There are 2 protein chains.
Amino acid sequence: MKFLTQKFTVNFEYPIFFTENLFEKTNLTFTKIFPQTYEFKPKIIFFIDYEVSIAHTILTQQIESYFQKYNNLPELVSKPLLIPGGEIVKNNTEYLKQVYEIIERHKICRHSYIVGLGGGALLDMIGFAASTAHRGIKLIRIPTTVLAQNDSGIGVKNAINFFHKKNFLGCFTPPFVVINDFNFLKTLKKRDWIAGIAEAIKVALIKDKDFFDFIEKNAFALKSPYNMEPMKKLIYRCAELHLNHIGKSGDPFEKGSSRPLDFGHWSAHKLEYLTTYRIRHGEAVAIGIALDVTYSYLLGLLSKKDWQKILNTIANLGYKLYIPELGNFAQNPDHNQSIFKGLYEFQEHLGGKLTIMLLKEIGCGMEVNEVNIKVYQICIKKLELFSKKLNEDTNLQTV
Amino acid sequence: MKFLTQKFTVNFEYPIFFTENLFEKTNLTFTKIFPQTYEFKPKIIFFIDYEVSIAHTILTQQIESYFQKYNNLPELVSKPLLIPGGEIVKNNTEYLKQVYEIIERHKICRHSYIVGLGGGALLDMIGFAASTAHRGIKLIRIPTTVLAQNDSGIGVKNAINFFHKKNFLGCFTPPFVVINDFNFLKTLKKRDWIAGIAEAIKVALIKDKDFFDFIEKNAFALKSPYNMEPMKKLIYRCAELHLNHIGKSGDPFEKGSSRPLDFGHWSAHKLEYLTTYRIRHGEAVAIGIALDVTYSYLLGLLSKKDWQKILNTIANLGYKLYIPELGNFAQNPDHNQSIFKGLYEFQEHLGGKLTIMLLKEIGCGMEVNEVNIKVYQICIKKLELFSKKLNEDTNLQTV
């Protein structure tokens with residue numbers, strides 16, 4: 001049998017900048033990501049979350065002025081374009097098609113740039129469009145939420161939802177550059193300010209005890225908008241932990257079954273769907289973490305003290321630990337609306353064998369390939385009870 | 001300005017097997033691409049070109065029997081599915097959607113396999129579906145045409161057409177494995193047998209004089225279906241040259257402006273569109289090569305002797321060197337149906353500055369960043385004339 005082997009290596013590299021007021025004329029960050037001169041001037045186009053443009057009324061004008069001032073920038077081929085943020089932009093493929101149409105109309109090529117400015121959902125959809133048009137246009141992400149700045153916006157994934165399944169279509173495509181502008185956080189709704197902290201809790205729990213201690217100690221400061229200093233620290237460290245994992249775990253494009261950064265996510269994805277996205281991704285993740293932490297405790301992996309500490313911290317940050325959709329069909333795991341359907345869907349999306357991250361101790365995750373639904377059902381009851389008590393008395397020790 | 005840097009490397013590797021009668025029970029090739037045992041048995045599903053299944057009536061039955069015999073194979077979750085081949089499958093996104101639906105219905109995951117068996121267009125569309133569903137399902141390509149076996153089916157690209165633009169959407173995603181089964185060539189139409197040789201002429205001209213000499217000497221043998229021995233040699237060497245270029249040129253995912261393997265292709269893509277795909281890709285490439293070779297000669301890069309040798313070889317293989325669509329609007333470069341519109345579209349797709357491959361000598365390409373339309377107009381006239389004379393007298397020396 002004759003054969004040939006194809007073998008090559010691709011190096012990926014991109015910077016993540018942290019700044020404030022990116023398009024103020026004195027801020028040079030944006031000018032530094034492009035060459036100082038060009039042989040062939042590339043194009044650039046902005047897609048901006050409509051809500052962000054409302055909260056920052058001068059933003060689009062600022063961008064246009066910025067491009068007038070600095071002449072090493074690519075050619076701004078259109079006024080910044082406004083599109084909705086949130087899950088709707090991933091659910092309805094018409095938005096994706098609109099982005100393709102704009103790419104086609106303005107002859108945006110592989111050496112040109114698409115900028116997505118908004119939350120994680122908008123960035124996911126724009127990223128998918130940029131990755132697939134002409135087999136890849138350079139993507140600049142400017143995440144505007146806590147969640148996107150510390151997690152989804154800095155990684156290598158993009159996606160849209162299809163067949164009512166979250167992220168059914170997508171690619172692994174590193175961005176050209178990411179710019180976290182903290183100023184955008186100052187106009188977040190309180191709910192979104194808090195929601196994004198969940199991914200920091202997650203990565204702290206599985207990777208970094210000191211970081212968890214920081215979150216625990218600063219829980220009340222962190223939950224108050226717009227207390228910038230602890231939030232900036234949280235975002236920077238959370239981004240750093242996510243980047244380290246993606247870049248150094250040896251599986252940036254998720255070829256294996258393991259996905260430790262999805263700690264707490266199997267139920268979270270399902271909860272988002274079951275609530276028809278009434279709850280934020282971060283809010284769902286907080287409940288998902290509470291569930292898997294409780295499961296880790298009941299299995300005897302995690303100490304009672306650590307379990308209580310984690311649940312208290314989540315609650316102190318203002319998260320719910322239980323919503324009815326978690327328990328509604330929990331006794332009937334095969335019911336379409338049962339939370340446990342999320343386990344199979346999680347496995348289907350990742351493929352391979354079921355792999356769930358649990359906690360051995362704070363700062364140290366541990367993967368398992370089997371789960372005991374009966375124990376999980378007890379966990380759900382426990383969380384419901386804990387949540388009720390919490391409304392009467394916020395002290396976990398009384399439960 | 002605070003910043004972090006993300007940096008990682010991804011290694012890609014895949015084998016290209018050459019065999020005959022892949023699904024005959026005694027052929028072990030297919031069993032060797034999978035592990036001998038599994039912890040978790042993955043799934044597999046076949047998408048087969050309808051025309052191939054007509055020409056090879058026992059193929060689907062053979063595949064099912066093969067899966068019954070060998071138990072290390074993944075689980076065949078459905079009878080092989082038949083879809084059309086040819087450009088229609090890339091033009092109409094309904095086919096892509098059907099593939100997504102089947103992936104969803106059968107719960108095909110990232111660790112499962114999708115097999116595309118057919119020509120380049122089918123493989124391109126199936127590859128795009130496989131690359132984007134769940135952010136990437138493992139793809140097995142079984143190319144059935146000369147063109148797909150020696151070029152498109154062995155590389156890292158996939159695509160569909162959109163906005164009437166060839167390959168407007170796509171990704172760079174290496175396959176899991178490629179299997180070239182020469183037996184499929186024996187049922188190709190004569191036209192397709194010949195058409196696929198064009199990419200071998202192309203890569204020989206820019207990379208390997210000895211290979212061009214082989215094609216020149218064997219032109220009459222190569223054009224005769226189904227003279228297998230010279231064709232096998234041609235496919236193997238052509239595949240090897242393409243793989244070497246992709247793997248060793250340092251730009252497998254085409255980040256730069258240079259794309260030497262697209263020698264002769266700027267006009268070829270436009271000719272396919274202008275003829276509404278009446279001509280085959282390879283037939284268009286043969287004309288595109290003739291055009292750029294003539295341009296190289298008129299610029300004084302290529303000797304008259306080499307120019308004549310190349311045009312004779314192309315003609316001896318049975319290709320046309322001119323069709324009316326090449327000349328129709330050549331005097332009016334801005335006309336939508338002018339061949340020269342193809343230059344801008346080529347640049348738009350690749351991005352960056354215009355980069356066209358020409359020939360310095362046989363076996364040695366040379367890139368330029370500017371073209372002289374007036375000289376190209378003369379080339380087109382010359383090809384028209386040459387083509388007319390050829391019909392009267394196949395001897396180039398008389399032109």
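Quoted verbatim from the Cofactor (unreviewed entry) heading of the UniProt record, the comment on chain A is "NAD(+)".

*Asks:* Can you explain the interface of chain A and chain B? Please cite residues and give values.
*Replies:* Taken together, the contact pairs 58 residues of chain A with 58 residues of chain B. For the side of chain A that touches chain B, the secondary-structure elements that each account for two or more residues are strand 1 (2-19), helix 4 (93-105), helix 5 (120-132), strand 7 (157-162), strand 8 (165-172), helix 11 (228-248) and helix 16 (341-350) of chain A. If you tally residues by element for the side of chain A that touches chain B, the top one is strand 1 of chain A, at 18 residues. Here strand 1 of chain A pairs with strand 1 (residues 2-19) of chain B via 17 bridges, running antiparallel.

*Asks:* Explain the UniProt feature "domain: 3-dehydroquinate synthase N-terminal" (unreviewed entry) in chain A to me, and be specific about the residues and the numbers.
*Replies:* The feature "domain: 3-dehydroquinate synthase N-terminal" (unreviewed entry), as annotated in UniProt, sits at residues 82-193 of chain A in this numbering. Helix makes up 35% of residues 82-193 of chain A and strand 29%. Its end C-alpha atoms lie 22 Å apart.

*Asks:* Break down the relation of the copies chain A and chain B for me, citing the residues and quoting the values.
*Replies:* Take chain A, turn it by 180°, move it 0.0 Å along the axis, and it overlays chain B with an RMSD of 0.0 Å. Expressed as an axis order, the relation between the two copies is that of a two-fold axis. By C-alpha distance to the rotation axis, the residue of chain A lying nearest is Val 10 of chain A, at 2.7 Å. By residue overlap, the copies meet face to face through one surface: 100% of the interface positions of chain A are interface positions in chain B.

*Asks:* Tell me about the pairing of strand 7 (residues 157-162) of chain B, and please be specific about residues and values.
*Replies:* All names here are of chain B. Counting buried positions along strand 7 gives six out of six residues, so the element sits mostly inside the fold. Burial of the side chains of strand 7 extends over both faces: Lys 157, Ala 159 and Asn 161 are buried on one face and Asn 158, Ile 160 and Phe 162 on the other. As paired strands, strand 7 and strand 8 (residues 165-172) are joined by five bridges and run antiparallel to one another. Paired with Lys 157 across the two strands is Phe 172, which belongs to strand 8. With antiparallel pairing between neighbouring strands as the criterion, strand 7 and strand 8 make up a hairpin whose turn holds two residues, including Phe 163 at a positive phi of roughly 50°.

*Asks:* How would you sum up the environment of Ile 246 of chain B? Please name residues and give values.
*Replies:* Here Ile 246 of chain B is to be found in helix 11 (residues 228-248). Residue classification places Ile 246 of chain B among the buried positions, given that 22 C-beta atoms sit within 10 Å. Once the C-alpha coordinates of Ile 246 of chain B and Gly 155 of chain B are considered, the two residues, 91 residues apart in sequence, prove to be 7.4 Å apart. Leaving out residues up to four positions away in the same chain, Ile 246 of chain B has contacts with Gln 6 of chain A together with Gly 155, Val 156 and Pro 252 of chain B.

*Asks:* Kindly report on the domain arrangement of chain A, identifying the contributing residues and their values.
*Replies:* Residue and element names in this part refer to chain A. What the domain assignment reports for chain A is domain 1 (16-187) and domain 2 (190-398). Centre-to-centre separation of domain 1 and domain 2, based on C-alpha positions: 29 Å. Each partner contributes to the interface: domain 1 provides 19 residues, whereas domain 2 provides 27 residues. For the side of domain 1 that touches domain 2, the secondary structure elements donating two or more residues are strand 1, helix 6 (146-150) and strand 8. Here the residues of the side of domain 1 that touches domain 2 are counted per class, giving nine nonpolar, six polar and four charged.

*Asks:* If you had to explain helix 9 (residues 209-217) of chain B to someone new, which residues and values would you point to?
*Replies:* Residues and elements named next belong to chain B. Here helix 9 has its buried residues at Phe 211, Phe 212 and Ile 215. In an axial view of helix 9, the angular spread of the buried residues amounts to 100°, which keeps them on one side of the axis. Along helix 9, the residues that are exposed and aim more than 90 degrees away from the buried face are Asp 210 and Lys 217. On its buried face, helix 9 is in contact with helix 8 (197-207), helix 10 (219-222), helix 11 and helix 14 (304-316).

*Asks:* Break down unusual backbone geometry for me, citing the residues and quoting the values.
*Replies:* Following Pro 225 of chain A, the chain continues to Tyr 226 of chain A via a peptide bond in cis, the omega torsion being -5°. As for its placement among the helices and strands, Tyr 226 of chain A is situated in the loop between helix 10 (219-222) and helix 11. The residue Thr 276 of chain A is not glycine, and still its phi comes out positive at about 40°. In this structure, Thr 276 of chain A sits in the loop between helix 12 (265-274) and helix 13 (281-298). With phi around 50°, Phe 163 of chain B is a residue other than glycine that occupies positive phi space.

*Asks:* An account of the environment of Val 10 of chain B is needed here, citing residue identities and associated values.
*Replies:* The topology assignment puts Val 10 of chain B in strand 1. Of the residues examined, Val 10 of chain B has 18 C-beta atoms within 10 Å and is grouped as partly exposed. Excluding residues within four positions of it along the chain, Val 10 of chain B makes contact with Val 10, Phe 12, Pro 252 and Phe 253 of chain A.

*Asks:* Run through the environment of Ser 53 of chain B, naming residues and quoting values.
*Replies:* Residues and elements named next belong to chain B. As for its placement among the helices and strands, Ser 53 is situated in helix 1 (residues 50-55). Judged by local crowding, Ser 53 falls into the partly exposed class, with 18 C-beta atoms found within 10 Å. Once the C-alpha coordinates of Ser 53 and Pro 80 are considered, the two residues, 27 residues apart in sequence, prove to be 9.8 Å apart. Beyond its immediate stretch of four places on either side in the chain, Ser 53 contacts Ile 48, Leu 59, Thr 60 and Leu 82.

*Asks:* Any chance you could break down helix 17 (residues 373-392) of chain B for me, citing the residues and the numbers?
*Replies:* Look at helix 17 of chain B: 29 Å from first C-alpha to last across 20 residues, which is about the 28 Å you get at 1.5 Å a residue. On its buried face, helix 17 of chain B sits against helix 13 (281-298), helix 14 and helix 15 (324-327) of chain B.

*Asks:* Account for the packing of helix 8 (residues 197-207) of chain A against helix 13 of chain A, with residues named and values stated.
*Replies:* Residue and element names in this part refer to chain A. In contact at an axis separation of 8 Å, helix 8 and helix 13 are set at 35° when each is read in the N-to-C sense. Judged by residue contacts, Ile 197, Ala 198, Glu 199, Ile 201, Lys 202 and Leu 205 of helix 8 engage Gly 282, Val 285, Ala 286 and Ile 289 from helix 13. Taken together, the residues that form the contact of helix 8 with helix 13 break down as seven nonpolar, one polar and two charged.

*Asks:* Quick one: what's the story with the packing of helix 4 of chain A against helix 5 of chain A, residue by residue and with numbers?
*Replies:* Residues and elements named next belong to chain A. Where helix 4 meets helix 5, the closest approach of the two axes is 10 Å, and the angle between their N-to-C directions is 45°. Our classification of the angle between helix 4 and helix 5 gives oblique. The hand of the helix 4/helix 5 crossing is right-handed. Here Tyr 95, Leu 96, Val 99 and Tyr 100 of helix 4 come into contact with helix 5, specifically with Met 125, Ile 126, Phe 128 and Ala 129. Split by residue class, the contact of helix 4 with helix 5 holds eight nonpolar, no polar and no charged.

Thresholds applied
Residues numbered from 1 in each chain as written. Chains lettered and ligands numbered in written order. Predicted model: local features only at pLDDT ≥ 70, side-chain atom pairs only at ≥ 80, totals over all residues. UniProt positions renumbered as here; feature names shortened; annotations may be inferred. Contact = placed C-beta atoms within 7 Å. Helix = DSSP H or I, 4+ residues; strand = E, 2+ residues; numbered from the N terminus. Pairing = 2+ DSSP bridges. Least-squares fit on C-alpha atoms with pLDDT ≥ 70 in both. Buried ≥ 20, exposed ≤ 12 C-beta atoms within 10 Å, placed from the backbone. Domains from an automatic or database assignment. Nonpolar A, V, L, I, M, F, W, Y, C, P; charged D, E, K, R; others polar. Arc of directions from axis to C-beta. Expected span 1.5 Å × (residues − 1). Axes fitted to C-alpha atoms, helices over the stretch in contact; angles between N-to-C directions. Parallel < 35°, antiparallel > 145°, perpendicular 65-115°, else oblique. Left-handed = near helix turned anticlockwise from the far one by under 90°.

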